[in-house]
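One letter stands for each residue in the lines below.
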Amino acid sequence: MSGALLEIRHLESYYGPVLAVRGISLDVPAGAIVALLGANGAGKTTVLKTISGVLNPDKGTVRFAGEPIARKEPDAIVRQGLVHVPEGREIFPLLSVAQNLAMGAYSRTDRGIPDDIESVLGYFPILRERLAQSAGTLSGGQQQMLALARGLMARPKLMLLDEPSLGLSPLLVRGIFSVIRRLNQEHGIGVLLVEQNANLALDIADFGYVMETGRIVLDGPAETLKQSRDIQEFYLGGNPDSPRGERRWKRRKSWR
Amino acid sequence: MEDLQLMVSGLANGCVYGLVALGFVLIYKATEQVNFAQGDMMMLGAFVAIGLGNESHAGLPFWLACAGAVFAMGAVGMAMERTLLRPLFGQSQIAVVILTIAFGFVLRFAAGAIWGHDPLVMDNPVAGAHVAFGQVVLGADEIAVIAVTVLLTGLLFLFFSRTKLGIAMQAASQNQLAAYYMGIPVKRIHGITWMLAGVTAAVAGILFAAKGSVDPSAGFLGIKAFAAAVIGGFGSLPGALLGGLIIGLVEPFAARYVAAGYAQIAPYAVLILVLIFRPHGLVAQVRGKKL
Ligand SMILES: Nc1ncnc2c1ncn2[C@@H]1O[C@H](COP(=O)(O)OP(=O)(O)OP(=O)(O)O)[C@@H](O)[C@H]1O
Ligand SMILES: [Mg+2]
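Residues numbered from 1 in each chain as written. Chains lettered and ligands numbered in written order. Predicted model: local features only at pLDDT ≥ 70, side-chain atom pairs only at ≥ 80, totals over all residues. Heavy atoms only, no water.

(A) Structural view of the pairing of strand β2 (residues 18-28) of chain A. Relative to β2 of chain A, strand β1 (residues 6-15) of chain A runs antiparallel, the two being bridged by eight bridges. Along β2 of chain A, the bridge assignment pairs Tyr14 of chain A with Leu19 of chain A. (Pairing = 2+ DSSP bridges. Helix = DSSP H or I, 4+ residues; strand = E, 2+ residues; numbered from the N terminus.)

(B) A look at the domain arrangement of chain A. All names here are of chain A. Looking at chain A, the domain boundaries give domain 1 (1-81 + 157-256) and domain 2 (86-155). Each partner contributes residues to the interface: domain 1 has 21 residues there, and domain 2 has 15 residues. Contact between domain 1 and domain 2 buries roughly 1500 Å² in total, counting both sides, with carbon and sulfur atoms accounting for 68%. Run the count over domain 1 and domain 2 and you get four residue pairs in polar contact (both at pLDDT 80 or more). Sorting the residues of the side of domain 1 that touches domain 2 by element identifies α2 (74-79), β7 (158-162) and α7 (170-187) as the ones contributing at least two each. Residue classes in the side of domain 1 that touches domain 2 are distributed as 12 nonpolar, three polar and six charged. (Domains from an automatic or database assignment. Contact = heavy atoms within 4.5 Å. Buried area = accessible area lost by both parts, 1.4 Å probe. Polar contact = N/O pair within 3.5 Å; in protein donor to acceptor, adjacent residues only side chain to side chain. Nonpolar A, V, L, I, M, F, W, Y, C, P; charged D, E, K, R; others polar.)

(C) The arrangement of the coordination of the magnesium ion (ligand 2) in detail. Residues and elements named next belong to chain A. Thr45 (OG1) and Glu87 (OE) make up the full set of protein donors to the magnesium ion (ligand 2), lying at 1.9 to 2.8 Å. On the criterion of sequence distance, the pair formed by Thr45 in helix α1 (residues 44-52) and Glu87 in the loop between β6 (82-85) and α3 (97-104) is long-range, its members being 42 residues apart. Assessed through its relative accessible area of 19%, Thr45 is described here as buried. (Donors = N, O, S within 2.8 Å, 3.2 Å for Na, K, Ca; no water. Buried < 20%, exposed > 50% of the residue type's maximum accessible area, 1.4 Å probe, protein only.)

(D) Molecular detail of unusual backbone geometry. All names here are of chain A. At Arg89, a residue that is not glycine, the phi angle is positive and equals roughly 55 degrees. You can see Arg89 is positioned in the loop between β6 and α3. Residue Arg89 is classed as partly exposed on the basis of its relative accessible area, which comes to 21%. Although it is not a glycine, Glu163 sits at a positive phi angle of roughly 50 degrees. With respect to the helices and strands, the residue Glu163 is situated in the loop between β7 and α7. With relative accessibility at 7%, the residue Glu163 sits in the buried group.

(E) Region of the structure containing the site of ligand 1. All names here are of chain A. In the neighbourhood of ligand 1, 13 residues make up the surrounding shell, with Asn40, Lys44, Thr45, Thr46 and Gln196 lying closest. Between Thr46 and ligand 1, the recorded distance is 2.4 Å, taken from a side-chain N or O atom to an oxygen atom. Between ligand 1 and Glu163 there is a distance of 3.2 Å, counted from an oxygen atom to a side-chain nitrogen or oxygen. Calculation on ligand 1 without its partners gives an accessible area of 640 Å², and the protein chains cover 61% of this total. With three residues, the top contributor of residues to the shell around ligand 1 is α1. Split by residue class, the shell around ligand 1 holds four nonpolar, six polar and three charged. (Near = heavy atom within 4 Å. Areas by Shrake-Rupley, 256 points an atom, 1.4 Å probe, with all protein chains shown as cover.)

Quick look at the structure:
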C-alpha cells in the first residue's frame, strides 16, 4: 500500500523503560478516515503522539506524504500539514476563543487566515458567539469543539483526532462526528480517529485497526470489522463474562 | 513636600525592583524555572552600558551604549538558555536553582575582574539635573527612570497582547503540550523569553547605574526583586511590577519613620504579611495554568 498519505512501519515507542507501542504498522490513504480502536491503555494516544513528533520512536518509520517525519520537531510536522488534536480539551485557558483559533494557524504565514476563521466558525456556530470569551470559561463540549476548530486552522492534510467524543452528550457526539465527516468529504482531509465509541467510529471510517497492549491485533475495512465477533464482544458491548473475555485477560498476563 | 520626594525616589527604586522581578516572572511563566542570576544579569547590563558609554571607558554616545547593553544582555540571556538551561529542562528545580546561583557568582566575579570593585556611575544626559514643581524639587534621573519603566511596560503589554509571537508565548506558558501540538516552536520560545529577561535586566541595570552607582555586588538587589515577584503572585507580570513598586515605596518611608535597625526588614515584613493574608500574592491568576 505505498503512496498512502500516512505510512507507519514497525513503530516502537517507550516511556522511559516502558514499551508502550510494540511494533505497529498502519496506513492512512489520502482522503480516508481510519479508525484506531482499543481498550484503555492500549497505546493509541502514544501512537498519535509519536506521529505528531511529541514523542520520539525508538524504532520504525513514519512517512507523511512520502517524507519521513519520525524524530522531527512537532512544529516542522505541523508545517507539513499534519495536526494532532489531543484528547481532553487541551485549549489555552486564559486566551480568548479568537486567540486560540489564531494559535491554531501559528504555522501559517499566508493571508487566508481570516477567511479560514470564518469557515471554521461555520462548522461550529456556537464559537462565534464566544469569540471574545476566555477559552477556560467555555463548557466542556464547547472546549472540545474549540480544540477541533483550532486544529483545522492549520489547514491540515491529515488530522489525528484523539477521542473527540470524550465526555460529550450523545447529541454533541453526533454533531462532532458529522462535522468530521463533512471535513473529510468537503475538504478531503484525511483523519486518523482514535475512539472508545467503536460503533460510531466505524460508522464514519473507511478502515479500522484494533490495538491491544501496544500491538495491532485486528484490522480490516470498517464494514467487516463491524461484523466481526471480537469487535462485537469487546468494544461494542458484548458480554464481559464470556470465555473469550477471560482468554484475553490471560493473554495479557502472559506478556508480562 | 518631603514625603512627595520620598515617594518619587521610592517609586524610582521600585521601578528597578519591578523590572528585575519582571525578569523572574517572565522566565518562570514560560519554563517554570527560577533564574536566581536575574539580579546579577542586571548588574552585568549596567557594567556593559558603563563600559561602552562612560568617558573613562569606551566613550560611545549614551544611546549607542544603551542599545549595545540591551543587545548584549539579550544575547547573554539567549545563550544561557541554549547552553545551560535547555539541557536541564524537565530536571529537578533544585538543579536549576543551583546552576543559576552559580552563574550569578560567575557574573559577579567576571564583572569585578573586568571593571573593578569600585562603584561606578553611568554618564547620562540627565545626570545631576533637577525638575522643580513649585516647591518640590525632584531628581530628573528619578523621573526618567519612572518614564522609561512606564514605556517599557507599555511596550511589553502591547507585545504580549497584540503580536502573534507574544500571544504564542502566553499560549506556551498556559499549556505547553497544546502549544507543541499547534506547531508553536516551544523551545525557541523559551530562548526568546530568556532574551527578553536579559533585555529587561539590561534596562533595569542602565536605570540603576544612572540614578545611583553600581558595583559587582549590586546583583544582590535580586533578593528584594524576588520578594517583589512573590508579593505580586509570581505568575503575573503586572503583579511583579506592583510588588517592585510596593517594596520601593516601603523602603524610604520605613527608613524615615521606623527605628533604625528595623527599617531594613520592612520589605520582608511586607512580604510576610502578603503571604499570610494573600498566599497567592496580590495579583494571583486563580484559574491558573494547566500544566
Ligand atoms: N507519560 C507516561 N509515562 C509512562 N507511561 C505512560 C505515559 N503515558 C502513557 N503511559 C503508559 O503507556 C500505555 C499506553 O498509554 P496510552 O495513553 O497510549 O493509552 P490509550 O490507548 O490512549 O488509552 P486511553 O484509551 O485510556 O486513552 C499505558 O499503559 C500507559 O500507562
Ligand atoms: Mg488515549
